[in-house]
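Results of the structural survey
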Amino acid sequence: MKLDEFFVTGEPMIYAADAAIAMTVIGIVFVLTYFKKWKWLWTEWLTTVDHKRLGVMYILSAVLMLFRGGIDGIMMRMQLAFPGMNILDEHHYNGVFTAHGVIMILFMAMPFIIGLMNVIVPLQIGARDVAYPFLNAISFWTFFMGAMLFNLSFVIGGAPDAGWTSYFPLAGKEFSEGIGNNFYAVSLQIAGAGTLMTGINFFVTILKMRAPGMTMMKMPMFTWSIFITSIIIIFAFPVLTVALALMTLDRVFGTAFFTMANGGLPMMWANLFWIWGHPEVYIVILPVFGVFSEVISTHSRKNLFGYKAMVVSMVGIAFLSYLVWVHHFFTMGNSPSVNSFFSITTMLIAVPTGVKIFNWLFTMYKGRIKFTTAMLWSLAFIPNFVIGGVTGVMLAMASADYQYHNSYFLIAHFHYVLISGTVFGCFAGLYFWYPKIFGHTLNEKLGKISFWIFVVGFNVCFFPQFFLGLDGMTRRMQTYADNLGWNGLNLVSTIGAFLMGLGFFVLVVNLLYSAWKNKRDTANDPWDGRTLEWWTKSPVQAYNFAVIPHVKEMDAFWHMKKRNETDIKAEDLKPIHLPSNSGVPFISGIFWFIGGFGLVFEWIPMAIVGLAGIFACMLARSFDYDPGFYVKVDEIKKVEGITGGDK
Amino acid sequence: MKPKKGFWKLVGLLSALSLVFLSGCSKLAVLNPQGPVAKTQSDLIIWSMWMMLIVVVVVFAIFIFVLVKYREKPENMDYEPPEQEGNLKMEVIWTAFPIIILILLAVPTVKAIYSAEEVPTESKDKDPIVIHVTSANWKWIFSYPEQNIETVNYVNIPADTPVKFELTAQGPMNSFWVPELGGQKYSMNNMSMPLYLEADKPGSYMGRSANFSGEHFTQMQFEVQAQTDKDFKEWVSDVKGTAGKLTEKKYDQILSPGVVGRQTYNGTHLKWIDHAKDVYIPGKELERGTGHDHSKMKEDEKTSNEEMENMDHSNHE
């Protein structure tokens, strides 16, 4: 392989990216060395098995990927702002929209949600940790290495360019000869393995680690949503694993599962992809339903209206999510009976979703609604998600879908549900739980500025796309003719995209400004919260709870406050057992990366080295007899500021 | 009250805006049907828009009412909201309400799904004209078996006559879409799918691929020219008199990846290859027609595939 086949060349924007990556790496190395932070980085972060720190790293990665995916989105909108633009040539454009889709779904939405659940779920159920802390660290590092491998593709080797769905035969070797799509197959596989482990981990955590007294029907709604999401992950991700493995075999080892020739079945890929892919959209939407439930109920000073109905509706959505995948290819020539079945099951999802919307509205009814930034994001969700939802019902009508399929109508619809659901929900969760994670709130004024710019920009960007779709504009078009009447709407849409970018920029400014200026909040409970996470100290200590709470009712902490039971008594304190840090997850992540890189470039010896390294890490873990350590009572007292009660 | 005034201004502005959008609707391709298939779909879409508007209005009204009435004000700071477990009656209502709307949508949808699979009812008495459509990266090939002619990147059809397009593909999937005449279907290798469309009157309609198929996918457009019966017959005999003959060699050139302009030929490729049944390997006449019958897989097929990948396409231009 020649050097110019290894590095992507000939594209000024890529050279700029090369330079930016090099500068960033040098900058990070310099700062870490100058402030002598290497040891801190290793002991506090790279080797940590603390669910809160892993959560923070997930969220940080997600925000970085939001930036990357957002830049991709803005580049696409610039290309489409006017007819005949040539900012991105066809080849480059195809790579950019593929990256945008993959990154936003798998490396932004998923880690953001997994980050929130990592930080919050154990706290909400009154647990000291997740069920498998070591596995949790492995999950993070496999996700992270998968994401990095994918991101590498645009400067080394060439970006995948067959769309985020990577339909065969286009994505196969027959029509995509380079190694670009290998990146897709391998990096998603590595990250997906991490997600599957997270699903199992949280399923067990929620089942087995709840505080005494917390029955399933006393769990906070966010925890419920994560529980159901974990179940969806456990069922859906193995399908992705199999599909990607077959894809890798096809591409790297020359088998013919999905090829055009030699009896392959390209449609099998579409089926496998969407059997994973449709539940996947509920994996990223159900947790934010949980976030909104917490935020809305807290800020209305009321308990959640129709708790049981909320749980039942989520279970219903999870069940239906497996019966609808064919709606992604109504136009693939299914029989009318098949299309009718999937049309109706898809529409049915609107019923439980509608139940939830009305329950949230009635949670606020007779409440005392406080408009913080977290609440604004949750409120903006309702009208925008309703627009996304009703257009979703329209798309579910198979016969009408023949006219919407793959058009901008679809693009507008899924951005309406995914941005006003997932992204708004992630932001709401971030503002809501930020003080718990970092011990200080985010600046409300900057938060509201960023909120308004983003929400207005979002509507300006995506609302015109419904009309573009109805006028025949299809997704993934690199440009369009001047005489089609699409100019104005496209330009408006591009302006909206820039506004969203500006809103995101203000959010980042807010994060930095608040870290620098905002007062360190000594109060552990800034929003007058209802669930147990607000009982812990902000920022949360490694052991979470000094004393494991005893739960008697729903919204446990709210009732504890009412009864003045929140004080921790010194005599209740006992030494707390915690697991030790370990470098193995990080090192095994490196080997995943090495092996993945080898597989992408079809360098089998390198792939074998990576695999051997992964097994060596497993072996090392098997002979690791470290039993963890205890936090002493005196130390807990000091940290929690408790006096007296000496034995 | 000041905030309320602002609110009504906003409502006025929004309704004015939506009027502007809606008045533009009549010109949007999908809502401007030029044939019975598109008409059925467009009617269904407009019906669903009304239904969905009801949902939107109800939710938005409750949303605005709750936010205005129960927001935190200095006057109600000491108000302690009641804990509400839920309300069975209300919950039954808002479960039943969407179910009714969905039934109202599902019934016409299923009807329309079934009707799209056959000749439009308005033209039941007429025999459809059959046109085979082959998408090959990145062009559209139209074969008229009865007329024995073939066109590339444009298709002429008689108006007021149902057309049965038989869709297939050489290479990646595409989706055949002519918004003004009706919804789309995929074209896929080793498969044939019928799509019935019809134009009410003569006119020119834009068609394109809706499914991404690689580098020059954006250029995969074609024009559907609906003509009167007389014009169509004239055009066919014109083509038979003037267009060049379609040979296998010529056809292989058309199939090689790239973008081409409009082309017209005498004869069709159907007599030597049916992409719906056979794997086609350009330039390898002897090895064609192995089919997707898995038991027939031969060793030489693999080698020819490798050769296809390495084939130099430049000498075709």
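Quick summary incoming for the structure in this document. (Residues numbered from 1 in each chain as written. Chains lettered and ligands numbered in written order. Predicted model: local features only at pLDDT ≥ 70, side-chain atom pairs only at ≥ 80, totals over all residues. Heavy atoms only, no water.)

**A closer look at the overall build of chain B**
- When helices and strands are tallied, chain B shows six helices and twelve strands.
- Across the 317 residues in chain B, those meeting the buried criterion constitute 48%.
- Considering only residue pairs separated by 6 or more positions, chain B has 67% of its internal contacts joining residues 24 or more positions apart.
- Total accessible area computed for chain B in this model is approximately 15500 Å², and 61% of it derives from carbon and sulfur atoms. (Helix = DSSP H or I, 4+ residues; strand = E, 2+ residues; numbered from the N terminus. Buried < 20%, exposed > 50% of the residue type's maximum accessible area, 1.4 Å probe, protein only. Contact = heavy atoms within 4.5 Å. Areas by Shrake-Rupley, 256 points an atom, 1.4 Å probe, with all protein chains shown as cover.)

**Let's talk about the interface of chain B and chain A**
- Taken together, the 92 residues of chain B in the interface contact 94 residues of chain A.
- Of the roughly 8200 Å² buried where chain B meets chain A, counting both sides, 68% is carbon and sulfur surface.
- Counting the surface chain B buries against chain A, the share from its top three residues, Gln84, Trp94 and Phe212 of chain B, is 10%.
- Taken together, chain B and chain A are joined by five salt bridges.
- Between Glu80 of chain B and Lys562 of chain A there is a salt bridge; the shortest N-O distance is 3.9 Å.
- The tally of links between chain B and chain A comes to 26 residue pairs in polar contact (both at pLDDT 80 or more). (Buried area = accessible area lost by both parts, 1.4 Å probe. Salt bridge = Lys/Arg side-chain N within 4 Å of Asp/Glu carboxyl O. Polar contact = N/O pair within 3.5 Å; in protein donor to acceptor, adjacent residues only side chain to side chain.)

**A few points about the nonpolar core**
- Within the largest apolar cluster, 229 residues are counted, with the highest numbers of intra-cluster contacts made by Phe107, Trp269, Trp360, Met364, Ile382 and Phe424 of chain A.
- Top element by residues in this core is helix α5 (residues 90-124) of chain A. It accounts for 22 residues.
- Each residue touching Phe107 of chain A, except ones within four places of it in the same chain, is listed here: Ser61, Ala62, Met65, Val102, Phe143, Gly146, Ala147, Phe150, Leu188 and Ala191 of chain A.
- One finds Ile131, Trp138, Ile149 and Val224 of chain B within the second-largest nonpolar core, a separate group that totals 32 residues. (Core = buried A, V, L, I, M, F, W, Y, C linked by side-chain atoms within 4.5 Å.)

**Re the pattern of salt bridges**
- A complete count under the given rule lists 25 salt bridges over all chains for this structure.
- A salt bridge links Glu565 of chain A to Lys552 of chain A; its shortest N-O distance comes to 3.9 Å. One end of the pair, Glu565 of chain A, is in the loop between α18 (556-562) and β1 (576-578); the other, Lys552 of chain A, is in the loop between α17 (487-517) and α18, with 13 residues separating them in the sequence.
- Taking the relative accessible area as the measure of exposure, Glu565 of chain A reaches 33% and is therefore partly exposed.
- A salt bridge links Arg262 of chain B to Glu223 of chain B, with the shortest nitrogen-to-oxygen separation between them at 2.3 Å. Of this pair, Arg262 of chain B sits in the loop between α5 (248-255) and β12 (263-266) while Glu223 of chain B sits in strand β10 (residues 221-227), and the two are 39 residues apart along the sequence.
- Under the relative-accessibility criterion, Arg262 of chain B is labelled exposed at 51%.

**Looking at the sheet that holds β10 of chain B**
All names here are of chain B.
- If you trace the five strands from one edge of the open sheet to the other, you get β4-β10-β9-β6-β7, paired in mixed fashion. Whereas interior strands pair on both sides, the edge strands pair on one side only; in this sheet they are β4 (154-158) and β7 (182-187). Strand-to-strand twist across the sheet, computed as the mean angle between neighbouring axes with direction ignored, equals 20°.
- Taken together, the four bridges between strand β6 (residues 174-178) and β7 define a ladder with antiparallel strand orientation. Within β7, the residue paired with Asn174 across the bridge is Ser187. (Pairing = 2+ DSSP bridges. Axes fitted to C-alpha atoms, helices over the stretch in contact; angles between N-to-C directions.)

**A look at the side chain of Ser175 of chain B**
Residue and element names in this part refer to chain B.
- Assignment of secondary structure puts Ser175 in strand β6.
- For Ser175, a relative accessible area of 0% puts it in the buried group.
- Leave out the neighbours within four places in its chain, and Ser175 touches Trp140, Gln184, Lys185, Tyr186, Ser187, Arg208, Ser209, Ala210 and Asn211.

**A short note on the pairing of β6 of chain B**
Residue and element names in this part refer to chain B.
- Most of β6 is tucked away, with five of its five residues classed as buried.
- Alternating positions in β6 separate into two faces, Asn174, Phe176 and Val178 on one and Ser175 and Trp177 on the other, with burial throughout.
- Remark: three residues form the turn of the hairpin made by β6 and β7, two consecutive strands paired antiparallel.
- Summarising the sheet, β6 and strand β9 (residues 203-209) pair through two bridges and their orientation is antiparallel. Paired with Phe176 across the strands is Ser209, a residue of β9.

**Observations concerning the pairing of β10 of chain B**
All names here are of chain B.
- With five of seven residues buried, β10 lies mostly within the body of the structure.
- Judged from the five bridges that link them, β4 and β10 form a sheet pairing that is parallel. Across the sheet, residue Ile157 finds its bridge partner in β10, namely Ala226.
- Where β9 lies against β10, six bridges are found, and the strand directions are antiparallel. Of the residues in β10, the one forming a bridge with Gly203 is Ala226.

**A look at a nonpolar patch on the surface**
All names here are of chain A.
- On the surface, Leu249, Phe253, Phe257, Ile604 and Ile608 cluster together into a nonpolar patch covering about 430 Å² of accessible area.
- At the level of secondary structure, the elements contributing two or more residues to the nonpolar patch comprise α8 (221-253) and α20 (604-622).
- Position of Leu249 among the secondary structure elements: in helix α8. (Patch = residues over 30% accessible without salt bridge, like charges linked within 9 Å, V, L, I, M, F, W, Y side chains within 5 Å.)

**Notes on the packing of aromatic side chains**
- Under the counting rule described, the total for this entry stands at 87 aromatic pairs over all chains.
- Relative to Trp235 of chain B, the ring of Tyr154 of chain B has its centre 6.2 Å away and its plane inclined at 75°; by these criteria the two rings are edge-to-face. With Tyr154 of chain B in strand β4 and Trp235 of chain B in helix α4 (residues 229-242), the pair connects residues that are 81 residues apart, well separated along the chain.
- Residue Tyr154 of chain B is classed as buried on the basis of its relative accessible area, which comes to 9%.
- Of the residues examined, Trp235 of chain B reaches a relative accessible area of 13% and is grouped as buried.
- Aromatic pair Phe232 of chain B and Trp235 of chain B: ring centres 5.9 Å apart, planes at 35°, arrangement tilted. Note that Phe232 of chain B and Trp235 of chain B are positioned in helix α4 at a spacing of three residues, about one turn of the helix.
- For Phe232 of chain B, a relative accessible area of 6% corresponds to the buried category.
- Just above the ring of Phe134 of chain A sits the side chain of Arg621 of chain A; from NZ or CZ to the centre is 3.7 Å. (Phe/Tyr/Trp six-rings, centres within 6.5 Å; stacked < 30°, edge-to-face > 60°. Lys NZ or Arg CZ within 6 Å of the ring centre and 35° of its normal.)

**Details of helix α6 (residues 133-152) of chain A**
- The end-to-end C-alpha distance of α6 of chain A, which contains 20 residues, comes to 29 Å, matching closely the 28 Å that a straight helix rising 1.5 Å per residue would cover.
- For α6 of chain A, a buried count of 16 out of 20 residues is recorded, marking the element as mostly surrounded by other parts of the structure. (Expected span 1.5 Å × (residues − 1).)

**Re the sheet that holds strand β1 (residues 129-136) of chain B**
Residues and elements named next belong to chain B.
- Pairing in this open sheet of seven strands is mixed, and the strands run β8-β5-β1-β2-β3-β12-β11 from one edge to the other. The open sheet has two free edges, formed respectively by β8 (193-197) and β11 (244-245), since each of these has just one partner strand.
- Across four bridges, the pairing between strand β2 (residues 139-144) and strand β3 (residues 149-152) is antiparallel. If you follow Tyr144 over to β3, its bridge partner there is Ile149.
- Sheet contacts for α5: β1, β2, β3, β5 (163-170) and β12; angle to β2, the most-contacted strand, approximately 145°.

**Details of the side chain of Ser123 of chain B**
Residue and element names in this part refer to chain B.
- Within the element layout of this structure, Ser123 appears in the loop between α3 (88-115) and β1.
- On the basis of relative accessibility, which here comes to 1%, the residue Ser123 falls in the buried class.
- Within polar-contact distance, the side chain of Ser123 engages the side chain of Glu198 at 2.6 Å.
- Discounting residues that sit within four places of it in the chain, Ser123 has contacts with Pro162 and Glu198.

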